[in-house]
Amino acid sequence: MTSIADSRSDQPRATRDDPPSFDELYAAHYAGLIVQFYAYFGDRQEAQDVVQEAFCRALARWRTVSTYEDPVAWVRKVAWNLAVSRWRRARTALGFVRRQRLEEPRTDGPGPDRVSLVAALGTLPPKQRRALVLHYLGDFTVAEIAERERVADATVRSWLHRGRTALAAEFEGESR
Amino acid sequence: MTDIDQLFAELRTRTIAEVRPPSVDTVHRIVRRRRAVRNAVAGTVLLALGGTGLLLLPGEPEPDAPDPRAGYGTIAAATVKLDVATPRLGALVTDLGDGTWQHRLELIGATYRTTLTCVGAGEITAVLTPAGGDPSRVVVPCTAEPLETMIDVVLGGDLGTLTTEVVPDDVAAESAAFAYTTALSTADQDRLGKLAGGVVGGVVGGVVGGLTTPAFVLGDTTPAIEQRLTGAAYQATAACAGTGSATFTVVATGADNTETVLGQTRVTCSPAPKPMTVTVTYPAGATALALRLAPEADAYGQAVGVVGYRPT
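Fair warning: this is a prediction, and the values are worked out from it, not measured in the lab. Residue positions within a chain follow its written sequence, with the count starting from 1. To label them, take the chains in the order written and letter them from A, then take the ligands in the order written and number them from 1. Only residues with pLDDT of at least 70 get local features here, since the model is predicted, and only at 80 or more are side-chain atom pairs given and counted; chain-wide, interface and lining totals rely on the full set of residues. Only heavy atoms go into the side-chain values, all of them from the structure, while hydrogens and water stay out.

**A look at the overall build of chain A**
Counting secondary structure elements, chain A contains nine helices and zero strands. Listing the helices and strands of chain A from first to last along the sequence gives α-α-α-α-α-α-α-α-α. Scored against the burial criterion, the 176 residues of chain A give a buried share of 52%. In this analysis, two residues are considered to be in contact whenever any of their non-hydrogen atoms come within 4.5 Å of each other. When contacts within chain A are restricted to residue pairs at least 6 apart in sequence, those whose partners lie at least 24 apart make up 66%. Only DSSP runs of H or I reaching four residues or more are called helices, and only runs of E reaching two or more are called strands; each is numbered from the N terminus. Type-normalised accessible area, obtained with a 1.4 Å probe on protein chains alone, sets the label of each residue: buried when under 20%, exposed when over 50%, and partly exposed for intermediate values.

Here you go:
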């Protein structure tokens, strides 16, 4: 099976002369993207919805997207746009309730650390949560997050700092 | 590695190990179905409009078929009267595939009416957010025959940003184009028109042989006085209420339709407009005197002008 890690430096092809096939891109990056959106939504089904929809949109315009230097970046951007839109539309209000139960029908279920981390992320304001997920799971630099969110680098550093502090406090509280 | 780093690394590793991607065939199937829907909609749009040329029939998708959304865009722009060549107070979007679309306009504080339309299939949600104000949300259906949806937004302060964000549903993302325009409300046009008209009237009003235009919103079509006169000296005056600036030009038209600029000045548009006057001598051989107030980009659609003249 093809490697499934979604690393920003792990592009399926390096040049535009040899573009990846859609199927290769899908196999290589689907799971890595799911991790990011699972951490953001706290709900794997929501994550699958946005990632699959992003891949559908990529396939629909694959002749163009495949010529991009980094096609998976386009897919990731679309998925994040969808994720943020869904959040704004409060669709995830129900997801939040489901998240508390953390139902994982296809596996034995995440270990306690993952449950704690995903649940703790769910308590953060969306911007802090998004910054942490992009940074730790999407391997975005501070500058890249700042550009994506249209804010100053210092703002992103502040979100990351406050997010980390809040997570640490959450885990300290749990360990007592 | 800190504890937080470890937790994220563990989340990544173990989740990736557990995820079983759905078959890529599923994605191909969804896209084929959407293309079929889009092509069916394209046929419906053409039937609705009695169009010719592009013909896409429903049924088996044709991957290399031309994207009908360009045609939808033409219809959408015409519906909201958007000048596609120079879209200043509006926009046309024919591909919403990346999920969301956002546009910002710097506007004078006033009430605005935004007119949106979406052509194709699905629906879009438009969220208009004035700086410092509450967002207004409207759902716009994407239809074969274009419908206009209007929403009024109040922008406070002297100047501010009006942000328009559009989120398509999954169908509209692949099968629709939308366009919108934003315009000053009629009440604000009247308010600004009275300000500009009062200023020009103070110079021209009550003088025999003088004339002023009705107030007009500065835009692509610049109203002007085109008046046949007798040779004499004239005082031409313009005022502009709103924001930005405009160029006031006084032109004489000759018998062979040649134009001679007799005078020109820059006019600042402001909530407290001031008269700008040029004195010109109307040439004996001219057939008409024209007064024109042409907006710069920063005044387009956000200022109301009045021009007038009087013999000196």
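Now that the structure has been shown, we can carry on.
**Quick word on empty space enclosed by the protein**
Using a 1 Å grid laid over the protein atoms alone, points where a 1.4 Å probe fits but cannot get out form a cavity; open sets with protein on both sides within 12 Å along at least 5 of 7 lines form a pocket; any residue with an atom within 4 Å of a point counts as lining. Grid points are joined across faces, edges and corners, and a volume is the space filled by probe spheres set on the points. All told, the structure shown has two cavities of 30 Å³ or more when counted by the stated rule. There is about 40 Å³ of room inside the second largest cavity. Lining the second largest cavity, in full, are Ala60(A), Val31(B), Arg34(B), Arg35(B), Arg38(B) and Glu174(B). Class assignment for the residues of the lining of the second largest cavity results in two nonpolar, no polar and four charged. For this classification, Asp, Glu, Lys and Arg are treated as charged, while Ala, Val, Leu, Ile, Met, Phe, Trp, Tyr, Cys and Pro are nonpolar and the rest, including Gly, are polar.

**Thoughts on helix α2 (residues 44-60) of chain A**
Multiply 1.5 Å by the residue count of a helix minus one, and that product is the helix's expected span. The terminal C-alpha atoms of α2(A), which comprises 17 residues, lie 24 Å apart, in line with the 24 Å expected from a rise of 1.5 Å per residue. Of all 17 residues in α2(A), 14 are buried; the element is thus mostly enclosed.

**Regarding the interface of chain B and chain A**
Contacts between the two partners involve 43 residues from chain B and, on the opposite side, 49 residues from chain A. We define a salt bridge as a side-chain nitrogen of Lys or Arg found within 4 Å of a carboxyl oxygen belonging to Asp or Glu. At the boundary of chain B and chain A, one finds seven salt bridges. Of the charged contacts, one joins Asp98(B) and Lys77(A) as a salt bridge, the two residues approaching to 3.1 Å between their closest N and O atoms. Pairing of N or O atoms within 3.5 Å defines a polar contact, subject to two protein rules: one partner must be a possible hydrogen donor and the other a possible acceptor, and residues neighboring in sequence count only if both atoms are side-chain atoms. Viewed at the interface, chain A and chain B are joined by 14 residue pairs in polar contact (both at pLDDT 80 or more). Broken down by secondary-structure element, the contributors of at least two residues to the side of chain B that touches chain A are α1 (3-18), α2 (24-49), β2 (101-120), β5 (149-168) and α4 (170-175) of chain B. With 11 residues, the single largest contributor to the side of chain B that touches chain A is α1(B).

**Some remarks on the pattern of salt bridges**
Within this structure, the stated rule accounts for 15 salt bridges over all chains. The partner of Arg57(A) in a salt bridge is Asp170(B), and the shortest N-O contact between them spans 3.4 Å. Here Arg57(A), found in helix α2, pairs with Asp170(B), found in helix α4, and the two come from separate chains.

**A few points about the confidence of the model for chain B**
A residue-level look at chain B finds 89% of positions with pLDDT of 70 or above and a mean pLDDT of 84. Across the chain, each position has a pLDDT score giving the predictor's confidence in that residue, from 0 to 100. Confidence over residues 51-62 of chain B falls short of pLDDT 50; this stretch has 20 contacts with residues more than four positions distant or in other chains.

**What to know about the state of the cysteines**
All names here are of chain B. Only a pair of cysteine sulfur atoms within 2.5 Å qualifies as a disulfide here. One pass over the full model with this rule turns up two disulfides over all chains. The partner cysteine of cysteine 118 in its disulfide is cysteine 142, sulfur to sulfur 2.0 Å. Disulfide cysteine 118-cysteine 142: the torsion about the S-S bond is 80 degrees, which places it as right-handed. Taken together, the residues cysteine 118 in strand β2 and cysteine 142 in the loop between β4 (136-141) and β5 connect sequence positions 24 residues apart. Two residues share a disulfide in this structure: cysteine 240 and cysteine 269, whose sulfurs sit 2.0 Å from each other. Its S-S torsion of approximately 90 degrees makes the covalent link between cysteine 240 and cysteine 269 right-handed. Of this pair, cysteine 240 sits in strand β10 (residues 233-242) while cysteine 269 sits in the loop between β12 (259-268) and β13 (276-281), and the two are 29 residues apart along the sequence.

**Let's talk about the pairing of strand β3 (residues 123-130) of chain B**
All names here are of chain B. The buried count for β3 comes to six of eight residues, which makes it a mostly enclosed element. Across six bridges, the pairing between β3 and β4 is antiparallel. Following the sheet pairing, glutamate 123 is matched in β4 by proline 141. Each pair of strands is called paired provided DSSP finds at least two bridges between the two strands. A loop of five residues connects β3 with β4, the two strands running antiparallel in sequence, and glycine 132 in this loop sits at a positive phi of about 75 degrees.

**Structural notes on the packing of aromatic side chains**
Between the rings of Phe, Tyr and Trp (Trp by its six-membered ring), a pair exists once the centres lie within 6.5 Å; its type follows the angle of the planes, with under 30 degrees stacked, over 60 edge-to-face, and the other angles tilted. Going through the model one piece at a time under the given rule, you end up with 14 aromatic pairs over all chains. Geometrically, the ring pair formed by Phe22(A) and Phe55(A) is edge-to-face, given 6.0 Å between the ring centres and 80 degrees between the ring planes. Here Phe22(A), found in helix α1 (residues 22-41), pairs with Phe55(A), found in helix α2; they are 33 residues apart in sequence, far enough to count as distant. Given the relative accessible area of 0%, Phe55(A) is considered buried. Relative to Tyr282(B), the ring of Tyr234(B) lies with its centre 6.3 Å away and its plane at 85 degrees, an arrangement referred to as edge-to-face. Taken together, the positions of Tyr234(B) in strand β10 and Tyr282(B) in the loop between β13 and β14 (288-295) put the pair 48 residues apart, joining distant regions of the chain. In this structure, Tyr234(B) and Tyr282(B) share a single accessibility class: buried. Between the NZ or CZ atom of Arg44(A) and the centre of the ring of Tyr38(A), over which it lies, the distance is 5.4 Å. Lying across the ring of Tyr40(A), Arg129(A) places its NZ or CZ 4.8 Å from the centre. The rule for a charge over a ring is simple: NZ of Lys or CZ of Arg within 6 Å of the ring centre, and within 35 degrees of the ring normal.

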